[in-house]
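Survey of secondary and tertiary structure
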Amino acid sequence: MFFSSWLLKALGLAKAVNSACTSNLLVDNFANYQNNLNSLGQWTSDDGTTTNIKADIASKVITFTSKADSYFYTTFACEQATTDQYNAITFPLKGPAGANFQLELQTSTTCSASTYKSYYKSLTGVTGAVQTYTVPLSSFTGANLNAIKSILFESFSVNDAWQIGAIQLVCANAPSTSVPPSTSKASTSSIRTSSTVKPVTTSQPSSSTLKPSSSTLKTSTTIQPVTTTSTAPPGTCTNLLVDDFASQSRLTFLFYNAMLLPSSDDGSMAPVSRRADTGTSVIVANNHLTLTPASGGNSYWYTMLGCSKTTGIYGGIGMTIKAPQGFTMGIELQTAKDCSSNNPVLNDLLSTDLGWTFDGTEKYYTIPFSKFPGLDADHLVSLLFSGLSSAVTLGPIAFYCGSTGSAYPIPSTAAVVVPTSTIPATTGPSAYIIDTFTSTDSNNLGFYHGGDDPALFKQTTGKLTINTKGNADLSYYTQISGGCSDIRSYDNSYVHISYTGSSAFTIALQQHNPACNPDINPYPYTWDSVEASRYSNSGKTDIYIPISHFLIKRAVVIGFSLKGFYTSTTTTITKIEIVKSVPSGFLVPSKLPTVPLVFACTRPNSFAFAIDDGSPEYAQRVVSSIAAAGIKVTFFTVGAPLLDASTNLTNVYKNMLNAGHQVAYHSYTHPPLEGLPTLAAIDWEINQDIAAVSKTLGITSKYFRPPFGTEGARIRQRLAATIPGSKFVAWSVDVQDWLWAATSTPEKQLANFQADVDKGGNLVVMHYLFESTVSYLPQFIEIARKTGKQMMRVDQCLEDPDAPPL
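Here is what the cut-offs are and how they apply
Residues numbered from 1 in each chain as written. Predicted model: local features only at pLDDT ≥ 70, side-chain atom pairs only at ≥ 80, totals over all residues. Heavy atoms only, no water. Pairing = 2+ DSSP bridges. Helix = DSSP H or I, 4+ residues; strand = E, 2+ residues; numbered from the N terminus. Axes fitted to C-alpha atoms, helices over the stretch in contact; angles between N-to-C directions. Core = buried A, V, L, I, M, F, W, Y, C linked by side-chain atoms within 4.5 Å. Buried < 20%, exposed > 50% of the residue type's maximum accessible area, 1.4 Å probe, protein only. Contact = heavy atoms within 4.5 Å. Salt bridge = Lys/Arg side-chain N within 4 Å of Asp/Glu carboxyl O.

Moving on, we get to the sheet that holds strand β22 (residues 330-335). Paired through backbone hydrogen bonds, the strands of a sheet run either parallel or antiparallel to each other. Read across the open sheet, the five strands follow the order β17-β20-β25-β22-β23; overall the sheet is antiparallel. Bordering the open sheet on either side are β17 (263-265) and β23 (345-350), each of which pairs with just one other strand. With direction set aside, neighbouring strand axes in the sheet form an average angle of 20°. In this sheet, strand β25 (residues 380-386) lies alongside β22 in antiparallel orientation, the contact comprising six bridges. Within β25, the residue paired with Gly330 across the bridge is Ser386.

Written out as structure tokens, the structure is:
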């Protein structure tokens, strides 16, 4: 395509030069859908089988509920994309988490032709939130891109609500425009493509002719070639790791394997509820992956191999597998000589073809390349497991050297050792009962108590039963005051909790804001947290925590919260009280340092925008809005995508640093950190993030924002131990883009921002994930400016002596 354009220009053909695009082409923003016309004045419609179809002109989206064979399409008079130099289709989309859908491109041999052919690309990895897909036109292999007639959205795998945003053709010449080798970050790891070509005998875009064929789809992702060679000295070889399943969120939130290449299921695994890091039964634990297909489904899971060259080095791929007797599955190796994988060669065998049998125990199995006749072992694109007959657990996957393999050793992780010193017991002035859970709405002091989710915090007469299913973001609160309570006289006393079951949770004491006014942000102002298990007796029945271990201003206390539950084991609590001392023989542990939890700027008259990671395509617009406003901000970035060159985030953040903005930590793979099972897993996230930021950006930071805002004693303790002097940055102004950006009322982001600012909030959380949020950024800045406060970086607003001067 690019050679043809260059040749036309070289020959001086003005038509080719003059028709080249300079900006994206808006195909449809649904402003004229009531007349069934798109933004080009051409026909657009569904096939008549969807329900609740509605165009939202303000939000530039169309929503509908699909049925089994539903589709939506938009047409062109005849788009000459090659000549005009459009190289991709881009659109935001929101659908059911774990679902997939298909994009169809219909083209003719010439613009005057009366027939067309259809070319398909299937996309998976739908997250439930708005995500932007950018699909290269080159991925529709064989299509005549100089005679595009229609684009169809079809084969929706879940019959539920779907939303499509403004559809555009991407201009290759537009400023800051580049077509990634796959889709945007939210979907890059879960693209499946069919290059099936379906002849159609009519050019009229009607519901009877636009319906897709039922051809079988096979995996194809445009990938970057990866040189797969041993790192051992010449003449030797070491196994090459594909995935060690070190992280749930790396696999099911970022959709990466250990090579930082795409990996995902097809979205049809058995559903899982109440987890932030996965919506389906793709469960990572102890360096193993368990896949549980939905009943009656034909689920698959794949991992990309990076166009690996293996001849003379690796003889196959091996892994441990644990599966019940009689279990079977398909094994597919995909190859592509051009490494683009738009039309891969599929090499399929069954587990029985490889002689695999299972008995419910974990054993090592190999996939010898020699078992696949004609396999192109120098262009291995992906490995796919399909047709899972039941649940299966995989161990680390790796290329093995030579003709025989051995299991890739699970990385050894030393347990994190924390201080076990004790301190002398003290005696306080008196005791009083806070809560015995005998009343529905209030505790024994007559003040509020209650949980974030009544279904998970079940209160019956005389006890509180808690099982958050490992969701560490949920809390239960019991107040000791309706305003501010001064408990400094109890500094030598203890909070005592009677319990049974799990002690894998956090106990926090909350501090009110300086005005003791719940209508002023932030409320609470902060809190300190301790780990319940450290303060439990050996019988696991009683917890005793010195009041002095809560390092807050204890003159303005609100109450206690129970939070950060990181287990699925039930906890039952029967009493919370203040006691004068501890039982004889109870060893009071020393206080472990925790990093300060920050919700607000401390510098007088200051305001800080703290922006979390988003979609690379929006990054330049964010930078432009900030530059136009003449302000500096702070960006919190996830480490793993920085190491993925296809995201271009390293260059984005280098430019932000050069412009004087602050870049800080946001974890390595974006898990709910307090919910991780071990301290070692928390440390891995912190240390990997530090390493990734240092390697790509050449900086370190003392600032950390927790993914999902999830807080607890363990993550704050490990940050204090790993990054001395660091700060745990939350927020007092929330645009709630996660809640409103993808709805029909995205303007509620502005309302939320304004409301929090009106309450005195001065530290922002937002993401550049959504078109509407990015579009509202200039208005957010203007709202903040009207307060008269000076906008600055987080380190500046917190009066860090190491921050650059204002």
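Now that the structure is up, let's keep going.
Before going further, it helps to examine the nonpolar core. Counting 54 residues, the largest nonpolar core has Phe607, Phe609, Phe635, Tyr653, Phe753, Tyr768 and Phe780 as its most contacted members. It is helix α12 (residues 771-785) that provides the largest number of residues to this core, a total of seven residues. Once residues lying within four places of it in the same chain are set aside, the contact partners of Phe635 are Ile611, Val622, Ile626, Tyr653, Met656, His661, Gln662, Val663, Ala664 and Tyr768. Ranked by size, the runner-up nonpolar core spans 37 residues in total, among them Leu289, Leu291, Ile321 and Phe372.

If you walk across this open sheet you meet the five strands as β30-β33-β38-β35-β36, and the pairing is antiparallel. This sheet does not close on itself; its edge strands, each paired only once, are β30 (449-451) and β36 (526-531). For this sheet, the mean angle separating the axes of adjacent strands, direction not counted, is 20°. Here strand β35 (residues 506-511) runs beside β36; their pairing, made up of six bridges, is antiparallel. Within β36, the residue paired with Thr506 across the bridge is Glu531. Its contacts with the sheet place helix α9 (residues 713-722) against β35 and β36, and it is angled at close to 90° to β36.

Scanning the model with the defined rule gives 18 salt bridges in all. Residue Lys591 pairs with Asp528 through a salt bridge whose shortest N-O separation is 2.9 Å. Here Lys591, found in the loop between β40 (588-589) and β41 (597-598), pairs with Asp528, found in strand β36; they are 63 residues apart in sequence, far enough to count as distant. Arg705 serves as the salt-bridge partner of Asp612, at 3.1 Å between the closest nitrogen and oxygen. Here Asp612, found in strand β42 (residues 606-612), pairs with Arg705, found in the loop between β45 (703-704) and α9; they are 93 residues apart in sequence, far enough to count as distant. The same class applies to Asp612 as to Arg705, namely buried. Each member of the salt-bridge network shares a partner with another, and the members are Asp528, Lys563, Lys591, Glu711 and Arg716.

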